[in-house]
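# Structural features, examined
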Amino acid sequence: MSLIFGSHPTVTPNKNAVLIKHVRAFVFGDDKQEKESGGGADCHKQSAGHWIVDSDIANPMSVYEQYRASRTSWGIDAMGSVVVEVELSNGMIGVGISIGGDAACYIIEKHLARFVEGQDPSNVELIWDQCWRSTINYGRKGIAIQALSALDLAIWDALGHLRGLPVYALLGGKTKERMPVYATTARPDFAKSMGFHGAKFPLPFGPAQGQEGMRNNIEMVKKWREAVGEDYPLMIDCYMSLTVPYAIELARRCEPYDVKWIEETLPPDEYEGYARIKEKVCSTLLTTGEHEYTRWGFRMLLEKKCCDVLQPDITWCGGMTEARRIVALASAYDIPIIPHGSSVYSYHLQICFPSCPIAEFLVMSPKADKIVSYFGNLFKDEPLPKDGYVELTDKPGFGVELNREELNLRRPYPRD
Ligand SMILES: [Mg+2]
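Thresholds applied
Residues numbered from 1 in each chain as written. Predicted model: local features only at pLDDT ≥ 70, side-chain atom pairs only at ≥ 80, totals over all residues. UniProt positions renumbered as here; feature names shortened; annotations may be inferred. Core = buried A, V, L, I, M, F, W, Y, C linked by C-beta atoms within 7 Å. Buried ≥ 20, exposed ≤ 12 C-beta atoms within 10 Å, placed from the backbone. Helix = DSSP H or I, 4+ residues; strand = E, 2+ residues; numbered from the N terminus. Contact = placed C-beta atoms within 7 Å. Domains from an automatic or database assignment. Nonpolar A, V, L, I, M, F, W, Y, C, P; charged D, E, K, R; others polar. Axes fitted to C-alpha atoms, helices over the stretch in contact; angles between N-to-C directions. Parallel < 35°, antiparallel > 145°, perpendicular 65-115°, else oblique. Left-handed = near helix turned anticlockwise from the far one by under 90°. Expected span 1.5 Å × (residues − 1). Pairing = 2+ DSSP bridges. Right-handed = clockwise from strand over helix to strand, strands pointing away.

By the naming in an unreviewed UniProt entry, the protein chain is Enolase C-terminal domain-like protein, taken from Fragilariopsis cylindrus CCMP1102. Per UniProt, the protein chain has the following entry under Cofactor (unreviewed entry): "Mg(2+)".

## As for the nonpolar core
Soluble globular proteins tend to pack their nonpolar side chains together in the buried interior. Formed by 125 residues in total, the largest nonpolar core has its most connected members in Val82, Val84, Ile108, Leu112, Ala147 and Leu151. A per-element tally of this core places helix α4 (residues 143–163) first, with 13 residues. Ignoring any residue separated from it by four or fewer positions in sequence, one finds Val82 in contact with Ala25, Val27, Ala41, Ile97, Ser98, Ile99, Gly100, Gly101, Ala104, Cys105, Ala147 and Ala150.

## Quick notes on the domain arrangement of the protein chain
Looking at the assigned domains, one finds that the protein chain contains domain 1 (20–164) and domain 2 (170–390). Computed over C-alpha atoms, the centres of domain 1 and domain 2 are 21 Å apart. Counting residues at the interface gives 34 residues for domain 1 and 38 residues for domain 2. Secondary structure elements with two or more residues in the side of domain 1 that touches domain 2: β3 (93–99), α3 (124–134) and α4. For the side of domain 1 that touches domain 2, the element with the most residues is α4, which contributes 11 residues. Its residues assigned to classes, the side of domain 1 that touches domain 2 comprises 16 nonpolar, 13 polar and five charged.

## Here we look at the packing of α3 against α4
Remark: α3 packs on α4, axes separated minimally by 11 Å, with the N-to-C direction vectors making an angle of 165°. Here α3 lies roughly antiparallel to α4, going by the angle between them. For α3 against α4, the interelement crossing comes out right-handed. Each of Val124, Ile127, Trp128, Cys131 and Trp132 in α3 lies in contact with α4, whose residues at this interface are Leu148, Leu151, Asp152, Ile155 and Trp156. Residue classes in the contact of α3 with α4 are distributed as nine nonpolar, no polar and one charged.

## Notes on helix α11 (residues 319–331)
Taking 1.5 Å per residue as the helical rise, α11 with its 13 residues ought to reach 18 Å, and the 18 Å between its terminal C-alpha atoms agrees with that figure. Within the sequence span of α11, burial applies to Gly319, Met320, Thr321, Glu322, Ala323, Ile326, Val327 and Ala330. At its buried positions, α11 is contacted by α3, α4, α5 (167–171), α10 (294–303), β9 (309–310) and α12 (343–350).

## Some points on the environment of Gly100
By secondary structure assignment, the location of Gly100 is in the loop between β3 and α2 (101–110). Taking C-alpha positions, Gly100 is 28 Å from Gly273, a pair spaced 173 residues apart along the chain. Apart from the residues within four sequence positions on either side, Gly100 is in contact with Met79, Val82, Ile143, Gln146 and Ala147.

## Overview of the sheet that holds strand β2 (residues 81–88)
Strand order in the open sheet formed by three strands is β1-β2-β3, and the pairing between neighbours is antiparallel. Strand pairing shows two members of the sheet lacking a second neighbour, β1 (20–26) and β3, which therefore form its edges. Ignoring which end each strand starts from, the neighbouring axes of this sheet average 15° apart. Sheet topology places β1 next to β2; six bridges connect them, and they run antiparallel. In the sheet register, Val23 faces β2, and the bridge partner there is Val86.

## Some details on the pairing of strand β5 (residues 199–202)
Covered by surrounding structure in β5 are Ala199 and Phe201 together with Lys200 and Pro202, the residues of both alternating faces. Taken together, the two bridges between strand β4 (residues 179–184) and β5 define a ladder with parallel strand orientation. Among the inter-strand pairings, Ala183 is bridged to a residue of β5, identified as Ala199. With four bridges joining them, β5 and strand β6 (residues 234–237) adopt parallel strand pairing. Bridging across to β6, Phe201 finds its partner in Ile236. In terms of handedness, the path from β5 via helix α7 (residues 210–228) over to β6 forms a crossover that is right-handed.

## A few points about the pairing of β6
Where burial is concerned, the two faces of β6 agree: the one with Leu234 and Ile236 and the one with Met235 and Asp237 are both buried. Inspection of the sheet shows β6 paired to strand β7 (residues 261–263) by three bridges, in the parallel sense. Paired with Asp237 across the bridge in β7 is Glu263. Handedness of the β6-helix α8 (residues 244–254)-β7 crossover: right-handed.

Set out below in structure tokens:
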């Protein structure tokens, strides 16, 4: 039975309106420059010795001994940043970013641009839907949706500039004046002294390192609990490295140390495994979602009762258009959203919705001893946490300006 009572006439943008004129997708000039710029949109694009790549961090490749010491050895940073510019017919430019490098540029320039150029930037739903449907045969998760995310964020930024409003105002306005922030870091002790409202550290060892690895994991939890004292929120990130029995044992052995949450225990497709862990573990919250995509992926996590908190990355999950749907969907299940990273893209979303209680901030200085911009020097004016809070200005769009002069960006697939 069809519920279509008549055809839907094609949306024809008003010729007098400001329309999207060009889409351009860029990468950094070269790998060295991207690392020296602090990684850009790819937080793992860091020089040797940085805590986020060159310390013991359990991950899906930890089962292979030769790839254990450094996450760059297996290519965690292989894709690199993508920077998208959307130029309007009045000359205003919106910027969006994600990871995906040259491959994301290809998707954006060769495929998605056709749904964007000539469109009214107000039509974010239409543009998103056409990009989504047209990439289903190869997309759905991963790089195609990361490319779409960067494009979608650039459109929201351009729309903000066009209307003279910050994105949070376009989304519905603030539900809190400032955004409380917790730190993801190798040094929870420093995070506490810097004023963050909690600290999350990476689990060093995975199941392949056996009981000795488990003992060393618990020793680290104990060390950080003693360093930050009672009551300070302490969380553990497992970066998809565990198995169901290991995660359950880890949670049990963490009980004396009052861990606020254990994050991303399993690879993202293991919905059943997440649900089994959730059934068995009540002593800590369970979180996941940074490597999940779109409302359909997040619906799986919600319906199967996989976790207590969802953590979409706004620059990966489908951009702002999709992230606001994920927030709405999760709120119907009473599940809060605490996005992964995403800096300004996360702050503008979170400040609008009461079910987004706290933002993540990755401490990206190599020794985790200083607050530096999450996106390196990609933007001139990325807002940084101060005394545990981030404040957003009323500048239009996402309120940040691309550091164009210094970045030496390269456009791999120019069309004009
Ligand atoms: Mg994480």
